[in-house]
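This is what each chain is made of:
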Amino acid sequence: MLHFNGYDHDLFRHHNPPDTLMPYVSDFSPTALEDRITVHEGAQIVEIDFQGLRFRSSADVNAFYDYVEHRMQDTGEPQWFFMVNTRDYRVDESAWFAFTRRGRDLNEGHSMKTVRYDADPDTLAQIAKVKGTDRENPNLFGSRDDAWAHLRALPSKRRERLTHVPSFTKDAFLRRLRFDHDTKVLEVDLSGMKIAHSRDVNDLHNWVEEAIRATGHKWWLVFNYEGTRIQSPAWVQFSLRSEEFNRSYSMGSVRYAMGSETETDKRLRYEAKTTRPNIRNTREEALDRLAELQAEYTAMREADEAKSR
């Protein structure tokens, strides 16, 4: 039985065959995933192999999609055809929300076309049965060769890709930065901003990084996300730039007033990492949490100094 969760995107197929069919694996380390994500740069196709995987938790899902996004980022090209092997994989109920959410973002932000293939005999029989009827799924194929041939016959949309028009100006954004040199706390006001694409992401990060570099040291960060919207085409770049930013410029970060959708996306993308997103409801709560982080940092340094004596 094939199950769909209601979305139109083919990447959101929920396939839960009985466990007895095959020995499922749940290894989502980069080494294990390396052979499951193949980037065919000349054909402009990213091939994704779900076969034999079992997603037991949202952490599994996020580790998988984080790896897909990193592989895409390495190419420098955001638009791809996706070809997905969906034979005999399993998504547990506890992982299903994350699976659909991350798949949706990948499709909406980066897919020129997504097709899947499944060589299971039941699927092949179903494809043959509905062929030529209004129930035929034009994005489902019975073999990798058929799916590949279909994508290779499609025109690339990359030639239509225009240079992104920036949504913000540097002068206006810099007025959203508030440096407190006594406490070494930098407040970044992202409230009401609609971050639409990678150009917006890079502009904002470049401007705040330039301002921090001028001070000559790292800062404690507080981010105001009230009314902020990060669109699907911006999430891959936003996650990668944020990770690099925190590593290079932040002593510790807290975010507040995130809308439910943005908070959900942020928490999902942090789940496969060792750090937490530190999200609070209000500025006061965020500052209290930041004070806790600062106290933890001071205690750790004092303990290290005591050991070195």
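Residues numbered from 1 in each chain as written. Predicted model: local features only at pLDDT ≥ 70, side-chain atom pairs only at ≥ 80, totals over all residues. Heavy atoms only, no water.

**Q** What exactly am I supposed to notice about the pattern of salt bridges here?
**A** Oppositely charged side chains may form a pair once their charged atoms are brought near each other. Tallied over the entire structure, the rule returns 17 salt bridges. Between Glu47 and Arg144 there is a salt bridge; the shortest N-O distance is 2.7 Å. In this pair, Glu47 is assigned in strand β4 (residues 45-49) and Arg144 in helix α5 (residues 144-152), connecting sequence segments 97 residues apart. Residue classification places Glu47 among the buried residues on the basis of a relative accessible area of 12%. Taking relative accessible area as the criterion, Arg144 reaches 31% and is therefore assigned partly exposed. (Salt bridge = Lys/Arg side-chain N within 4 Å of Asp/Glu carboxyl O. Helix = DSSP H or I, 4+ residues; strand = E, 2+ residues; numbered from the N terminus. Buried < 20%, exposed > 50% of the residue type's maximum accessible area, 1.4 Å probe, protein only.)

**Q** Would you explain the sheet that holds strand β3 (residues 37-40) in this entry?
**A** Either a parallel or an antiparallel arrangement is found when strands of a sheet pair, and the pairing is made through backbone hydrogen bonds. With mixed pairing, the five strands of this open sheet are ordered in space as β3-β4-β6-β8-β9. For this open sheet the edge positions go to β3 and β9 (140-141), each flanked by a neighbour on one side alone. Alignment of β4 against strand β6 (residues 80-85), held across five bridges, turns out to be parallel. Following the sheet pairing, Asp49 is matched in β6 by Asn85. (Pairing = 2+ DSSP bridges.)

**Q** I'm lost on helix α2 (residues 58-75) in this one. Help?
**A** An α-helical turn contains 3.6 residues, so any two residues separated by three or four positions project in the same direction. For α2, spanning 18 residues, the distance from its first C-alpha to its last is 26 Å, which sits close to the expected 26 Å at 1.5 Å a residue. Residues Ser58, Asp60, Val61, Asn62, Ala63, Phe64, Tyr65, Asp66, Tyr67, Val68, Glu69 and Met72 constitute the buried set of α2. Immediately beyond the C-terminal end of α2, within one or two residues, lies Gly76, with a positive phi of roughly 80 degrees. (Expected span 1.5 Å × (residues − 1).)

**Q** I would appreciate a short explanation of the environment of Tyr24 in the present structure.
**A** Position of Tyr24 relative to the elements: it lies in the loop between β2 (13-14) and α1 (30-33). You can call Tyr24 buried: its relative accessible area is 14%. Separated by 65 residues in sequence, Tyr24 and Tyr89 place their C-alpha atoms 7.5 Å apart.

**Q** Looking at this structure, I do not really get the confidence of the model for the chain. What am I missing?
**A** Caution applies to low-pLDDT parts of the model: their predicted coordinates are not meant to be read in detail. Taken as a whole, the chain shows an average pLDDT of 85; of its residues, 85% reach a score of 70 or greater. Within the model, pLDDT remains below 50 along residues 1-14, and this stretch shows 42 contacts once partners closer than five positions in the same chain are excluded. (pLDDT = per-residue confidence, 0-100. Contact = heavy atoms within 4.5 Å.)

**Q** Looking at this model, I keep getting lost on the packing of aromatic side chains. Mind explaining?
**A** Counted by the stated rule, this structure contains 17 aromatic pairs. Residues Trp235 and Phe238 carry aromatic rings whose centres are separated by 5.7 Å and whose planes lie at 80 degrees to one another, so their mutual orientation is edge-to-face. Of this pair, Trp235 and Phe238 both sit in helix α8 (residues 232-249), three residues apart, which is roughly one turn of that helix. Using a relative accessible area of 1% as the deciding quantity, one classes Trp235 as buried. Following the ring pairs from residue to residue traces out a cluster consisting of Phe28, Phe50, Phe55, Phe64, Tyr65, Tyr89, Trp96 and Phe99. (Phe/Tyr/Trp six-rings, centres within 6.5 Å; stacked < 30°, edge-to-face > 60°.)

**Q** Could you clarify how one ought to interpret the environment of Phe97 in this entry?
**A** Relative to the helices and strands, Phe97 resides in helix α3 (residues 93-110). With 36 residues separating them along the chain, Phe97 and Val61 place their C-alpha atoms 9.6 Å apart.

**Q** What should I look at first to understand the environment of Ile127 in this one?
**A** Tracing the chain through its elements places Ile127 in helix α4 (residues 121-130). Along the chain, Ile127 and Asn137 lie ten residues apart, while their C-alpha atoms are 8.0 Å from each other. Beyond its immediate stretch of four places on either side in the chain, Ile127 contacts Leu140, Phe141 and Gly142.

**Q** So what exactly am I meant to see when it comes to α4 here?
**A** The backbone nitrogen of Asp122 lies 3.0 Å from a side-chain oxygen of the residue at the head of α4, namely Asp120. Two residues or fewer past α4, Gly132 is found with a positive phi of approximately 85 degrees. (Polar contact = N/O pair within 3.5 Å; in protein donor to acceptor, adjacent residues only side chain to side chain.)

**Q** What's the story with unusual backbone geometry in this structure? I'm lost.
**A** Generally, phi is negative for residues other than glycine and the peptide bonds are trans, each holding for most cases. Of note, the phi angle at Asp88 is positive, near 50 degrees, even though the residue is not glycine. In this structure, Asp88 sits in the loop between β6 and β7 (90-91). Positive phi is not limited to glycine here, since Ala257 has a value of about 65 degrees. Position of Ala257 relative to the elements: it lies in the loop between β15 (250-256) and α9 (260-270). Overall, the relative accessible area of 19% leaves Ala257 in the buried class.

**Q** Would you take a moment to explain the sheet that holds strand β10 (residues 177-180) for this structure?
**A** Strand order in the open sheet formed by five strands is β10-β11-β13-β15-β16, with mixed pairing between adjacent strands. If you trace the sheet from one side to the other, it starts and ends with β10 and β16 (279-280), each paired once. Bridge analysis of β15 against β16 gives two bridges, and the strand direction is parallel. The residue bridging Arg255 from the neighbouring strand is Ile279, located in β16. Across the sheet, helix α7 (residues 198-213) is in contact with β10, β11 (185-189) and β13 (219-224); its angle to β10 comes to roughly 20 degrees. Contacts from α8 reach β13 and β15, with the element oriented near 135 degrees to β15. (Axes fitted to C-alpha atoms, helices over the stretch in contact; angles between N-to-C directions.)

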